[in-house]
Amino acid sequence: MTFQRKRELLGNAPIGQALLSLSLPSIAGLVLQTAYNLADTFFLSLWVGHHAVAALAVVFPMQLVIIALAQGIGIGGSSLIATELGAENEKGAEEILGTMTMLISLGSAFIVALSLAFISPTLSFLGASELTLPLAKDYGVIVLLGSPMLAFSIMANGIARAEGEAVMAMKTLAISAATNLVLDPILIRYFDLGVSGAAWATVIAQAGSASWMALYLGGKSSINIRPRDLKLRRSVVSSIVSVGSSAFVRQGSASITAVVLNRVLLSMGGDPALAAMGILNRISTFVTMPLYGLVQGMMPLISHNTGSGDQCRVLRTMDLSALWATAVCLAGALPLWAFPLATLSPFCSGETLEIAVAAAPYVALGMPLGGFQVVLSGSYQALSRGRDAFLLDLLRRIVLVVPAIYILSHIAGLKGVFMAIPISEVISGGLSILLFREVRRCSKKRCLVSSQDSI
């Protein structure tokens, strides 16, 4: 897609058409990427056992820290880039890209070094039992070593979407997903590597994705990584942190919540409960992943039209995104609510399946209001209102759910842990609806003003 065609899509195409064009490739890519996470769970459950699935759940919070860094830098920087491109400032966009590349390289290297230095005590703290600790360590060390490639790929995908190149982002995720799906059974079963095989399949897939995006940003993109731009510019770093802090908090706080959840589950239900919630998390992520693809398509539309001063398009984008996001969340909740046994039985059996089926309706009840919350947070980020998005995600991800887990687990045991999810989502979701109405009202006012000025 030429730069002029990208600008036409972002600035002039009908909102529904533009949102679909930008979102569908992202949705397809993210669904494929999540599918290979499910593949890890499926193959390990089938050939290794529930202890291996529990090991993946223990390592997951460590992976979330890397993902949080990448999404914080990627979303913060790509929102700034989209605004610069909307104002036709390509040089400024490339300077932002250079700073993002330096930040992601230094930040991911630091996190990996720190994590590997304290790998065993960290995994024990995250909820590893005596049986799962060796498996979690085998998986975690390999995945951590490959995580800088994952971080770069996530960041670069955000930039591609900011340019309107959602298809390129989809191809990147498709390469990664296909590679992992092919390698998983070969390495886990044929070479009998177990959890190490799953980890190597993941790392090799991430390397392919990162290489693809490096080629894209090296010359095929409308903005490129240039050696002269590889600097940590203080003003750019500050803006990236401001806008991207919400994404960092969203994933980083998810890591904190996962730690709390793992430890409480382990104390009340052992490895089967830990494995059950790990499976539920991966399935619920898979069925609601279109929501995040939708928001990834929404954000460059909002950022570009904010930069070009078209507030009416910003308003229409937010309205349509909220409507579609709600539909996605309702559709995602249906399998876990109506068909929990059929949905979960391919991934586990015995006590793990029994716990997962009991928890599934509660997980499903927490989904329907998720659309407003993610759309609102994405809108704040795209409008460079990072502080508002930060506070909203902090409330949803930590302030409400962590106390709820502790309090309800003491009142109702394992069932209380499951109840904490929908209760916290309903409270934060109600607040998000009120905030969304306020954001929409402000955008509508600016839209009316700009419409009158154009007469």
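Treat the numbers as computed from the prediction; the structure is a model and nothing was measured.

A look at the pattern of salt bridges
If you walk through the whole model with that rule in mind, you get four salt bridges. The partner of Lys91 in a salt bridge is Glu95, and the shortest N-O contact between them spans 2.7 Å. Highlighted residues: Lys91 and Glu95, both in helix H4 (residues 90-117), separated by four residues, approximately one helical turn. When the shortest N-O distance is used, the salt bridge between Asp229 and Arg233 registers 3.6 Å. Pair check on accessibility: Asp229 and Arg233 agree, each one buried.

Comments concerning the domain arrangement of the protein
How large an interface is tends to be reported as the accessible area lost when its parts come together. Annotation of the protein at the domain level lists domain 1 (3-232) and domain 2 (268-453). Inter-centroid distance (C-alpha atoms) of domain 1 to domain 2 is 20 Å. Between domain 1 and domain 2, the contact holds 44 residues from the first and 39 residues from the second. Looking only at domain 1, the three residues that lose the most surface to domain 2 are Ile15, Leu19 and Leu38, adding up to 19% of its buried area. One can count zero salt bridges joining domain 1 with domain 2.

Describing a nonpolar patch on the surface
Together, Val182, Ile186, Tyr190, Phe191, Leu193, Trp200 and Ile204 line one region of the surface with nonpolar side chains, adding up to about 720 Å² of accessible area. Listing elements by their share of the nonpolar patch, those giving two or more residues are helix H7 (166-190) and helix H8 (195-220). Per-element accounting of the nonpolar patch gives the leading share, three residues, to H7. Position of Ile186 among the secondary structure elements: in helix H7. Given the relative accessible area of 35%, Ile186 is considered partly exposed.

Considering the environment of Val374
Here Val374 shows up in helix H13 (residues 370-382). According to the relative accessible area criterion, Val374 is buried, its value standing at 6%. When sequence neighbours within four positions are dropped, the list of residues in contact with Val374 reads Leu291, Tyr292, Val295 and Arg396.

Structural notes on unusual backbone geometry
Even without glycine at this site, Asp192 takes up a positive phi of about 55°. With respect to the helices and strands, the residue Asp192 is situated in the loop between H7 and H8.

Details of the packing of helix H6 (residues 132-162) against H8
The contact between H6 and H8 brings their axes to 8 Å, and the two run at 20°. Here H6 lies roughly parallel to H8, going by the angle between them. In this structure, H6 meets H8 at a crossing whose hand is left-handed.

Focus on the nonpolar core
Counting residues in each nonpolar core, the largest one holds 61 residues, and the members touching the most others are Leu123, Tyr139, Leu280, Leu336, Leu344 and Ile405. The biggest single contributor to this core is helix H9 (residues 234-308), with 13 residues. Looking at which domains feed residues into this core, each of domain 1 (3-232) and domain 2 (268-453) gives three or more. Listed in part, the 34 residues of the second largest apolar core include Leu80, Ala93, Ile159 and Ala210.

Cut-off values and rules
Residues numbered from 1 in each chain as written. Predicted model: local features only at pLDDT ≥ 70, side-chain atom pairs only at ≥ 80, totals over all residues. Heavy atoms only, no water. Salt bridge = Lys/Arg side-chain N within 4 Å of Asp/Glu carboxyl O. Helix = DSSP H or I, 4+ residues; strand = E, 2+ residues; numbered from the N terminus. Buried < 20%, exposed > 50% of the residue type's maximum accessible area, 1.4 Å probe, protein only. Domains from an automatic or database assignment. Contact = heavy atoms within 4.5 Å. Buried area = accessible area lost by both parts, 1.4 Å probe. Patch = residues over 30% accessible without salt bridge, like charges linked within 9 Å, V, L, I, M, F, W, Y side chains within 5 Å. Areas by Shrake-Rupley, 256 points an atom, 1.4 Å probe, with all protein chains shown as cover. Axes fitted to C-alpha atoms, helices over the stretch in contact; angles between N-to-C directions. Parallel < 35°, antiparallel > 145°, perpendicular 65-115°, else oblique. Left-handed = near helix turned anticlockwise from the far one by under 90°. Core = buried A, V, L, I, M, F, W, Y, C linked by side-chain atoms within 4.5 Å.

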